Amino acid sequence: DLNATAVDAQWIVESYALLLAALILVGGSLGDHYGRRRIYALGITLFALASVACGLAMSPGQLIAARAVQGIGGALLVPGSLAIISASFEGERRGKAIGTWSGFSGVTAALGPILGGYLVDNVSWRVAFLINVPLALVVLYVVFRHVPESRDPDARKLDLPGAFLATLGLGGIVYGLIESSNRGFDDPLVLGALVLGVAALLAFVFVERRSPEPMMPLSLFKSR
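Residues numbered from 1 in each chain as written. Predicted model: local features only at pLDDT ≥ 70, side-chain atom pairs only at ≥ 80, totals over all residues. Heavy atoms only, no water.

### A look at the packing of helix α1 (residues 6-34) against helix α7 (residues 160-183)
The description of two packed helices rests on the angle between their axes and on the distance between the axes. Where α1 contacts α7, the two axes come as close as 8 Å, and the packing angle between them is 160°. Here α7 runs roughly antiparallel to α1, going by the angle between their axes. Pair α1 / α7 crosses with right-handed handedness. Contacts between α1 and α7 involve V7, Q10, W11, E14, L18, A21, A22, L23, L25 and V26 from the former and A163, A166, T167, L170, G171, V174, Y175, I178, E179, S181 and N182 from the latter. When the residues that make up the contact of α1 with α7 are grouped by side-chain class, the tally is 14 nonpolar, 5 polar and 2 charged. (Axes fitted to C-alpha atoms, helices over the stretch in contact; angles between N-to-C directions. Helix = DSSP H or I, 4+ residues; strand = E, 2+ residues; numbered from the N terminus. Parallel < 35°, antiparallel > 145°, perpendicular 65-115°, else oblique. Left-handed = near helix turned anticlockwise from the far one by under 90°. Contact = heavy atoms within 4.5 Å. Nonpolar A, V, L, I, M, F, W, Y, C, P; charged D, E, K, R; others polar.)

Next comes the structure, spelled out in structure tokens:
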């Protein structure tokens, strides 16, 4: 419908994954600092608005950009969902809540592509994006009515160097892997993105080891 090229079609799919992967650690850290419910609700709102932009897109470039914004929204809401459950339940109830979350995540992951394919084939590809809007409104109602706010009381400031390096590292690697299918691994842009991504992640580990308030405490990996 939009006269997209094969490369455009790939980026329509992968621009979401790129921003989600690059910013997901940042999204979790923002929730710890500024409130998990607040950041989760912001992610839902941004995802819904981006879905509207996807549904109204008139060119491949507009759709790719809207999908990228969807990825930013996803990075804000995905880490918050499990963190909210962990903070809201204790003991056996927490295990039951996480089990319910995991079960429904699996069910929706299986049903989503089927429903999306049905809408694309029988209604419109635009509806496959716009269907997110009423779902988002329901989720926001539940969030503000029933979900308590929570944050990490020990989180005093945002780890900006860590956030930058994590975004650059994950973004560089994901971008390089996506473009390698079009350009090949010997392309300077692909090699440059991969090298930059690996270097940034190595620097991220170094910075997190030395930071007094890291966004990803490396001591977590000492716990079996």
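### Here's the deal with the packing of aromatic side chains
If you walk through the whole model with that rule in mind, you get 3 aromatic pairs. Measuring from ring centre to ring centre gives 6.3 Å for Y16 and F47, while their planes differ by 80°; the resulting arrangement is edge-to-face. Note that Y16 is positioned in helix α1 and F47 in helix α2 (residues 36-56), a separation of 31 residues in sequence. Ring centres 6.2 Å apart and planes at 90° place the aromatic pair W125 and F129 in the edge-to-face group. Of the two residues, W125 and F129 are both situated in helix α5 (residues 125-130); the distance of 4 residues between them amounts to about one turn of the helix. Here W125 and F129 have matching classes, each one buried. (Phe/Tyr/Trp six-rings, centres within 6.5 Å; stacked < 30°, edge-to-face > 60°. Buried < 20%, exposed > 50% of the residue type's maximum accessible area, 1.4 Å probe, protein only.)

### Observations concerning the side chain of S180
Locating S180 in the fold gives a position in helix α7. The exposure class of S180 is buried, given its relative accessible area of 11%. Sequence-distant contacts of S180, defined by excluding residues within four places in its chain, comprise F185 and V190.

### With respect to helix α6 (residues 132-146)
Counted at 1.5 Å a residue, the expected span for α6 with its 15 residues is 21 Å, and the 21 Å between its end C-alpha atoms agrees. Those residues of α6 not exposed but buried are N132, A136, L140 and V143. Projected down its long axis, α6 shows its buried positions confined to an angular sector of 70°, all on one face. Every exposed residue of α6 that faces more than 90 degrees away from the buried side is listed here: L135, L137, V138, Y141, R145 and H146. In this structure, the buried residues of α6 make contact with α2, α3 (60-88) and α5. (Expected span 1.5 Å × (residues − 1). Arc of directions from axis to C-beta.)

### Brief notes about the packing of α1 against α3
For the pair α1 and α3, the least separation of the axes is 6 Å and the interaxial angle reads 25°. Here α1 lies roughly parallel to α3, going by the angle between them. The handedness of the crossing between α1 and α3 comes out as right-handed. The class makeup of the residues in the contact of α1 with α3 is 18 nonpolar, 6 polar and 2 charged.

### So, helix α4 (residues 91-122)
Counted at 1.5 Å a residue, the expected span for α4 with its 32 residues is 46 Å, and the 46 Å between its end C-alpha atoms agrees. The largest bend in α4 comes to about 30°, at L111, with the proline P113 one to four residues further on. (Bend = angle between axes of the 7 residues up to and from the residue.)

### Structural notes on unusual backbone geometry
Phi angles above zero are rare outside glycine, and N3 is one such case at about 55°. As for its position among the elements, N3 is in the segment before α1. With a relative accessible area of 74%, N3 lands in the exposed category.

As far as function goes, none of this settles anything; it's purely spatial.
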